[in-house]
Amino acid sequence: MEVITASTTHLLSTLNKLTDHSFFQTLPQSLPVSPCVITSPTQIALPDSFYFSLFFIFGGGLYILLLFPFTLRQKQWLAAPLIAGLFALPLIFTSTNSPVLQLAHLGACGCVLMRQIDLYYVRPWRTGKEPTMNLEDWWTEVWQPFRKVPMSKEQIQRFELELQQTRLRREIERQEREALYNSSHSSCSTSKENKDKETQTVAGSSDEASKPMKGKPVKQIYTPRVDPNPQHWSAYLPRWFFYATLMDVIPFVMSFITFEAIQNFNIVQTLLLRIGVAAMVIFDISLLNYTIMILCAAITGDLVHDTEWTLVSHYFPGFATSPAEFWRQWHHLFQYIWVDLGFHPVKHILHKYVSSKTKNRQLANGLELVLPVMGVFLMSGLMHEYMMVGMWHIRPGHMTLFFLIQGAGTILSKVLLNTVGKKVHVPPVILITLTWVFNLTTAALFMEPVLKNHGYNMVASQSLLLHSYNLLRSNGIF
């Protein structure tokens, strides 16, 4: 017994000596060392219940307005003050306690704002389609960021009808461009004959497009991809735990860092920090998607179809061989918003005012290749800019510049792939390394406002490791 007592006493004495001289004494008393800044002197703080109700009042009002049978002008007039409120109020007011929810609220307001501008104003101008939805379309629209809700037969037929009309419209535009090109390279008489023939063809196509499609057999039914092997939601719990673990460890490690220390980081430390912030973004979004999917399947009792959910069958962007592939593999929660508001309108303007009037086909094709893609990245930059300005009232510019550079890199990588890539074989390892270098170099623009305001610590309150650390330190365990 005396031997055991002596051994225990010696062990405790050794541990005390190690503790006294170990790095435990240099650790901070509580984490995070630099909490995230969530207030601005120019913003008015509101209780969380009032602050987060802004999205449901204005964003929800815009979605509900889509269900009413008003005319286009009436809806546009009614939507204008709701859109203005959805834009301005999250910039004027701020939350007091929850930086994560505040950032998510700003992101939701920015995305819904862009979507409603497209539905109420841009799309009617571009396609003539009025901002009207039935309950099925409305339900599909609400779920669209996370899930592709299976279409009903009526939705599939309507989708195919719109697809056919779009094809006819594109064919008409192509014939108009060909008629303009032929008329500039032929004599006046020949030009007149060709123009008459083309006009007749276009008129016939226009008549066909304007005719009602009732009773007309659908030649090619659109069929969404179906997962041949749906699984029970419990099969996805290991992935959920994987993302949950990462989202616990990464914020815990980064909670020891201050912005002053970041400014003195060497190149390796800076790269690791940027990788950590990027990993928190993609893993947090993946964790949210899996949580929604599992809860929905558990409540409804349905099996999970991989093809329905946005990020379930998604590739990790860390192994992308080009900026273009990187953004194809990045999360696509809001891609449809930026494509509808950035890509299609720019494409429409080029078709209507540039391609149909210019004689330089090479220039027209180059503009159609570059500008619509840049429009998508511009919309993404503006949305992220809105979040940063609303969160910290910083000077705008960093986010927009970052996404425009990424858009230029995406276009350049596509051009190189279609030209040099067909003649020269480059090992994938080198391409992956170059993509990492490009992304991590330009990431300084993206992360500047986040790092300066300790935004990397905004998810610290979610970390169980961090709470355990604070509990142990407060009780003097180490």
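Residues numbered from 1 in each chain as written. Predicted model: local features only at pLDDT ≥ 70, side-chain atom pairs only at ≥ 80, totals over all residues. Heavy atoms only, no water.

Student: What should I look at first to understand the overall build of the chain in this one?
Tutor: Looking only at helices and strands, one finds 16 helices and two strands in the chain. Here the chain holds 478 residues, and 40% of them are scored as buried. As displayed, the chain offers around 27300 Å² of accessible surface, 67% of which is attributable to carbon and sulfur atoms. (Helix = DSSP H or I, 4+ residues; strand = E, 2+ residues; numbered from the N terminus. Buried < 20%, exposed > 50% of the residue type's maximum accessible area, 1.4 Å probe, protein only. Areas by Shrake-Rupley, 256 points an atom, 1.4 Å probe, with all protein chains shown as cover.)

Student: Looking at this structure, how should I read helix H13 (residues 361-392)?
Tutor: Across its 32 residues, H13 extends 46 Å between first and last C-alpha, which sits within 8% of the 46 Å expected from 1.5 Å per residue. Backbone geometry just downstream of H13 places His-393 in the positive-phi region, at approximately 50°. (Expected span 1.5 Å × (residues − 1).)

Student: Would you mind going over the state of the cysteines with me for this structure?
Tutor: The term disulfide refers to a covalent linkage connecting the sulfur atoms of a pair of cysteines. Taken as a whole and judged by the stated rule, the model has zero disulfides. Left unpaired, Cys-111 is separated from the closest cysteine sulfur, that of Cys-109, by 9.6 Å. Residue classification places Cys-111 among the buried positions, given a relative accessible area of 4%. (Disulfide = S-S within 2.5 Å.)

Student: Help me understand a nonpolar patch on the surface, please; the structure alone is not making it clear to me.
Tutor: A cluster of nonpolar side chains, contributed by Leu-412, Leu-416, Val-420, Val-424, Val-426, Ile-430 and Leu-434, occupies part of the molecular surface with about 590 Å² of accessible area. Residue assignment for the nonpolar patch shows that the elements contributing at least two residues are helix H14 (398-418) and helix H15 (428-452). Tracing the sequence through the fold places Ile-430 in helix H15. (Patch = residues over 30% accessible without salt bridge, like charges linked within 9 Å, V, L, I, M, F, W, Y side chains within 5 Å. Salt bridge = Lys/Arg side-chain N within 4 Å of Asp/Glu carboxyl O.)

Student: Help me understand helix H10 (residues 267-300), please; the structure alone is not making it clear to me.
Tutor: Residues separated by three or four positions in an α-helix point in the same direction, a consequence of the helix having 3.6 residues per turn. For H10, built from 34 residues, the straight-helix expectation of 50 Å at 1.5 Å per residue is met to within 8% by its first-to-last C-alpha distance of 50 Å. Where H10 begins, the side chain of Asn-266 points an oxygen toward the backbone nitrogen of Val-268, at a separation of 3.2 Å. Looking one or two places after H10, you find Gly-301, whose phi comes out positive at around 80°. (Polar contact = N/O pair within 3.5 Å; in protein donor to acceptor, adjacent residues only side chain to side chain.)

Student: Help me understand unusual backbone geometry in this model?
Tutor: Trans peptide bonds make up most of the peptide bonds, and negative phi angles are found at most residues other than glycine. Cis rather than trans, the peptide bond between Leu-31 and Pro-32 has omega equal to -5°. Structurally, Pro-32 can be placed in the loop between helix H1 (2-21) and strand E1 (44-45). Residues other than glycine seldom take positive phi values, yet His-454 does so here, at roughly 55°. Considering the arrangement of structural elements, one finds His-454 in the loop between H15 and helix H16 (464-474).

Student: When you look at the environment of Asp-302 in this model, what are you seeing that I'm missing?
Tutor: Position of Asp-302 among the secondary structure elements: in the loop between H10 and helix H11 (323-329). In this structure Asp-302 comes out as partly exposed when scored by relative accessible area, which is 44%. Spatially, the C-alpha atoms of Asp-302 and Gln-231 are 9.0 Å apart, while their sequence positions differ by 71 residues. Separated by 3.4 Å, the side chains of Asp-302 and Thr-300 make a polar contact.

Student: Would you mind going over the packing of helix H4 (residues 99-127) against helix H12 (residues 335-355) with me for this structure?
Tutor: Axis angle and axis distance: for two packed helices, these are the angle between their axes and the distance between the axes, and together they describe the pair. The N-to-C vectors of H4 and H12 enclose an angle of 30°; their axes lie 9 Å apart at closest approach. Between H4 and H12, the crossing angle belongs to the class labelled roughly parallel. Considering the relative orientation of H4 and H12, their crossing is left-handed. Seen from H4, the contacting residues are Cys-111, Met-114, Arg-115, Ile-117, Asp-118, Val-122, Arg-123, Trp-125 and Arg-126; seen from H12, they are Tyr-336, Ile-337, Trp-338, Asp-340, Leu-341, His-344, Pro-345, His-348 and Ile-349. (Axes fitted to C-alpha atoms, helices over the stretch in contact; angles between N-to-C directions. Parallel < 35°, antiparallel > 145°, perpendicular 65-115°, else oblique. Left-handed = near helix turned anticlockwise from the far one by under 90°. Contact = heavy atoms within 4.5 Å.)

Student: Quick question: what am I supposed to make of the pattern of salt bridges here?
Tutor: A side chain of one charge can pair with a side chain of the opposite charge if their charged atoms are brought near each other. Tallied over the full model, the rule gives five salt bridges. Of the charged contacts in the structure, one is a salt bridge between Glu-141 and Arg-115, with a shortest N-O distance of 2.7 Å. Taken together, the residues Glu-141 in helix H5 (residues 135-143) and Arg-115 in helix H4 connect sequence positions 26 residues apart. The structure contains a network of salt bridges with shared partners spanning Arg-115, Asp-118, Arg-123, Glu-141 and Asp-340.

Student: Looking at this structure, I do not really get the packing of aromatic side chains. What am I missing?
Tutor: Describing an aromatic ring pair means giving the distance of the ring centres and the angle of the ring planes. What the rule picks out here adds up to 24 aromatic pairs. Between Trp-327 and Phe-377, the ring centres sit 5.8 Å apart and the planes meet at 85°, which makes this aromatic pair edge-to-face. A residue pair is termed long-range when its members are at least 10 positions apart, and Trp-327 in helix H11 and Phe-377 in helix H13 qualify at 50 residues. You can call Trp-327 buried: its relative accessible area is 17%. An aromatic cluster is built from Phe-326, Trp-327, Trp-330, Phe-377, Phe-402, Phe-403 and Phe-446, whose rings are joined through pairwise contacts. (Phe/Tyr/Trp six-rings, centres within 6.5 Å; stacked < 30°, edge-to-face > 60°.)

Student: Hey, could you run me through the environment of Leu-288 in this one?
Tutor: With respect to the helices and strands, Leu-288 occurs in helix H10. Taking the C-alpha atoms as reference points, Leu-288 and Ala-244, separated by 44 residues in sequence, lie 9.6 Å from one another.

Student: Any chance you could explain the UniProt feature "transmembrane region" (unreviewed entry) in the chain here in plain terms?
Tutor: Residues annotated in UniProt with the feature "transmembrane region" (unreviewed entry) correspond here to residues 50-70, 77-93, 240-259, 271-300, 369-387, 399-417 and 429-447. The span residues 77-93 shows a helical share of 94% and a strand share of 6%, and its end C-alpha atoms are spaced 25 Å apart. (UniProt positions renumbered as here; feature names shortened; annotations may be inferred.)

Student: Even after reading the chapter, I still don't get the confidence of the model for the chain, so can you show me in this structure?
Tutor: Low-pLDDT stretches of the model should not have their predicted coordinates read in fine detail. Residues at a pLDDT of 70 or more form 80% of the chain, whose mean pLDDT is 81. Mean pLDDT across the secondary structure elements of the chain bottoms out at helix H7 (residues 188-210), with 47, and peaks at helix H3 (residues 72-92), with 94. In the model, residues 201-223 has pLDDT below 50 throughout and makes 25 contacts with residues more than four positions away in sequence or in other chains. (pLDDT = per-residue confidence, 0-100.)

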